[in-house]
Amino acid sequence: MDKKFYDNEQEIDLLQEKALAKKSQKLALLRTASFFGILLSAAAGYDGWHPLFYGLAAVFLLVFAWLIHVHDRTKREELFIKSRLSVLGSYLARIHGTWRTRSFDGNRYLAWNRPQDVDLHVFGPGSIYQYVCSARTRLGRDRLAEAFSPEPPDFAKIRIRQRGIAELMERPRLSLDLEALGRLLPNDHDTSGLIEVLEQEMPSPSYIYRLRWGIPFLFVLALAMAFAGMTSWLLAGMIPVISCVLTGIAAHKTSDFLAPLQNISRELYLYDEIFRRVEGTEFTSSTLRWLRTSLQTEISAARALHRLSFLTELIGLRRNMFCYVLGNAFLMLDFHCVVMFLAWRGAASRHIRRWMKAHAELEVLLSLASIGRTRETACFPLLLDDSVPRIRAKSLTSLLLHEPQAVPNDAELSPGTYIITGSNMSGKTTWIRSLAGAVMLAYAGAPVCAESFAVSGLSLFTSIRVNDDISQGLSTFYAELLRIKSMVEYSEKRLPMFIVIDEIFKGTNSADRILGAQEAIRRLTNGWSITLVTTHDFELCDLSSPNDIPITNCHFEESYEDDKIRFDFKLKPGRCHTTNAKYLLKMAGILKDE
């Protein structure tokens, strides 16, 4: 993390934003002045002052057109800088711990039949997804959600993704620019409908569209002949009328042909800019080289979308009645647009799905790279191909905690069960969530908040936030029983597992809880599972292993200073010997001092 870099970039962009605002104001004044110059010069020429005033009006017209172009470009630069400042703000918010106000939290991806999503705060307010997500498109957000899985992925593919993320972390300005361009897209931009329409086969245009060059040529020829006195001006004047009639006859068919391109000019321009940046950058990682190749195979995505963006701007002129009439009367604009679009579809439409998938993967990489760019302590996990379960962590903290407040802990886990005891609020649940959340991040290819982290391929099972379900007739206790049952059944497959259980069987009386917990722990203590169980029941600390796989005790503890409770949140070996429930009850005013 380099907070100073983001602060400096923000300061530079704020100055540039002010400069562009001043420039835009000047250009607006110059446009107004040149417009009045056109009117006054044309009026002077019309009043017979001098024919040269017509030439001056033409000069003012050219200046006006140039100023429009420059002003539009300046406005785009302003939008880009504002977007870049927004991206910088989101990075600084993560660094300062105020990121929970970020707009998209991925709540729609919560799968209630996948308890890890809820237990580990993967999706929803204050979640891992909300922290990392910088994707703007529906496809990018979907792909990012798919990356968070409790099942071990193909480690070879994830290692390749890691290298792509690492390269983006080393190119912070390129990453900022790409995110800023993406943020200008409509929120949750969905291109699936457009892709499906563009991939559909379209009928060939009727013969009437072949007149797109012939009619304008006849008009120019008739105009020249009229100037030479070889024909009447009436004939030249009739040709634009014929053009309008032909355009009207084909209007319904033309609208059907051009319907997919209505109102998407800005989006195409932005994709064009994003792809241009990617295609123009030499990458070293195979992931980013693949992305670049995907955009250049057979046809350049940037060039193709640039042409399509230009075409959509032409089509946009049809909404202006003045441009529509003149464009079709003298140039047969509609016919040219139809033929150009059909030609574009023939050359590029079969590639657009691949381009959008490449863009979605780019959004995933940019999102996951944000962890390494906003945390002082972060590393890429070592993905172990060991058949024996392994988890190693040094100075691991939770991504969801503000880094200065997070207390790091180490772990060296192998097959066996770890009974974690500790008083209330001492850090038990946070620790097991941190470990399991780190595993999910590792499987996605993201950096983990640790000095070092290693994990083998383990199926992740959790039972932390268990709720009842009235609609299904499930009590909290029975809902937890079903989760533990699924763990036991999966363990019978003898496949590597990482099991995390918080306050096991807390929904029943102490006698039944201890009995059930002892049996569940015995069933889950084996040579292919790493099992973490937090509990307040000290009786479980005396549980003996049913085999040669160890059951290990570790704990968190509190201390008291000046009659105040203190937590160090450090994991220690052995069982806990303290409790704090009475103190907390007194502190809350529920238990009276005797």
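As the structure is a prediction and not an experimental result, all values here were calculated from the model. (Residues numbered from 1 in each chain as written. Predicted model: local features only at pLDDT ≥ 70, side-chain atom pairs only at ≥ 80, totals over all residues. Heavy atoms only, no water.)

Counting secondary structure elements, the chain contains 21 helices and 12 strands. Its C-alpha atoms give the chain a radius of gyration of 33 Å, clearly above 25 Å, the size a compact globule of 594 residues would have. Considering only C-alpha atoms, the chain reaches an extent of 115 × 55 × 50 Å along its principal axes. Within the chain, the fraction of its 594 residues that count as buried is 49%. Summarising the internal contacts of the chain: among those between residues at least 6 apart in sequence, 75% fall at separations of at least 24. Accessible surface for the chain amounts to roughly 29,000 Å². Of this, 58% is attributable to carbon and sulfur atoms. With 69 positive and 65 negative side-chain charges, the chain shows a spacing of 6 Å between the two charge centroids. (Helix = DSSP H or I, 4+ residues; strand = E, 2+ residues; numbered from the N terminus. Rg over C-alpha atoms; globule rule 2.2 N^0.38 Å. Buried < 20%, exposed > 50% of the residue type's maximum accessible area, 1.4 Å probe, protein only. Contact = heavy atoms within 4.5 Å. Areas by Shrake-Rupley, 256 points an atom, 1.4 Å probe, with all protein chains shown as cover. Lys, Arg positive; Asp, Glu negative; His and termini not counted. Charge placed at Lys NZ, Arg CZ, Asp CG, Glu CD.)

We now examine the sheet that holds strand β9 (residues 551–555). Strand order in this open sheet of six strands is β6-β7-β8-β4-β9-β12, and the pairing throughout is mixed. Single-partner strands in this sheet number two, and they are β6 (459–463) and β12 (572–573). With respect to the sheet, helix α18 (residues 428–444) is in contact with β4 (416–421), β6, β7 (497–501) and β8 (529–534), its orientation differing from that of β7 by roughly 150°. In the packing of helix α19 (residues 476–491) onto the sheet, contacts are made with β6 and β7, and the angle to β6 comes to roughly 155°. (Pairing = 2+ DSSP bridges. Axes fitted to C-alpha atoms, helices over the stretch in contact; angles between N-to-C directions.)

Simply put, the disulfide is a covalent bond whose two ends are the sulfur atoms of two cysteines. All chains considered together, the criterion is met by zero disulfides. Looking at C379, it has no disulfide partner, and the nearest cysteine sulfur is the one in C449, 8.8 Å off. A relative accessible area of 12% means that C379 is categorised as buried. (Disulfide = S-S within 2.5 Å.)

Here we come to the packing of aromatic side chains. Each aromatic ring pair is characterised by the separation of its centres together with the angle its planes make. If you walk through the whole model with that rule in mind, you get 17 aromatic pairs. When the centroid spacing of 4.9 Å and the interplanar angle of 50° are considered together, the rings of F461 and Y490 count as tilted. Of this pair, F461 sits in strand β6 while Y490 sits in helix α19; the two residues are 29 residues apart in sequence, bridging distant segments of the chain. Counting every residue linked through ring pairs, the aromatic cluster contains F104, Y109, F123, Y129 and F148. Between R76 and the ring centre of Y269, over which it is positioned, the NZ or CZ distance is 3.8 Å. Over the aromatic face of F104 sits the side chain of R141, whose NZ or CZ is 4.0 Å from the ring centroid. (Phe/Tyr/Trp six-rings, centres within 6.5 Å; stacked < 30°, edge-to-face > 60°. Lys NZ or Arg CZ within 6 Å of the ring centre and 35° of its normal.)

Overall, the coordinates contain 29 salt bridges when judged by the stated rule. For R84, the salt bridge identified is with E9, shortest N-O distance 2.9 Å. Taken together, the residues span a long stretch of sequence, with R84 in helix α2 (residues 52–96) and E9 in helix α1 (residues 3–46) at a distance of 75 residues. For the residue pair R84 and E9, the accessibility class agrees, reading buried in each case. Here K485 makes a salt bridge to E489, at a shortest N to O gap of 3.9 Å. Placement of the pair is K485 and E489 together in helix α19, with a separation of four residues, close to one helical turn. (Salt bridge = Lys/Arg side-chain N within 4 Å of Asp/Glu carboxyl O.)

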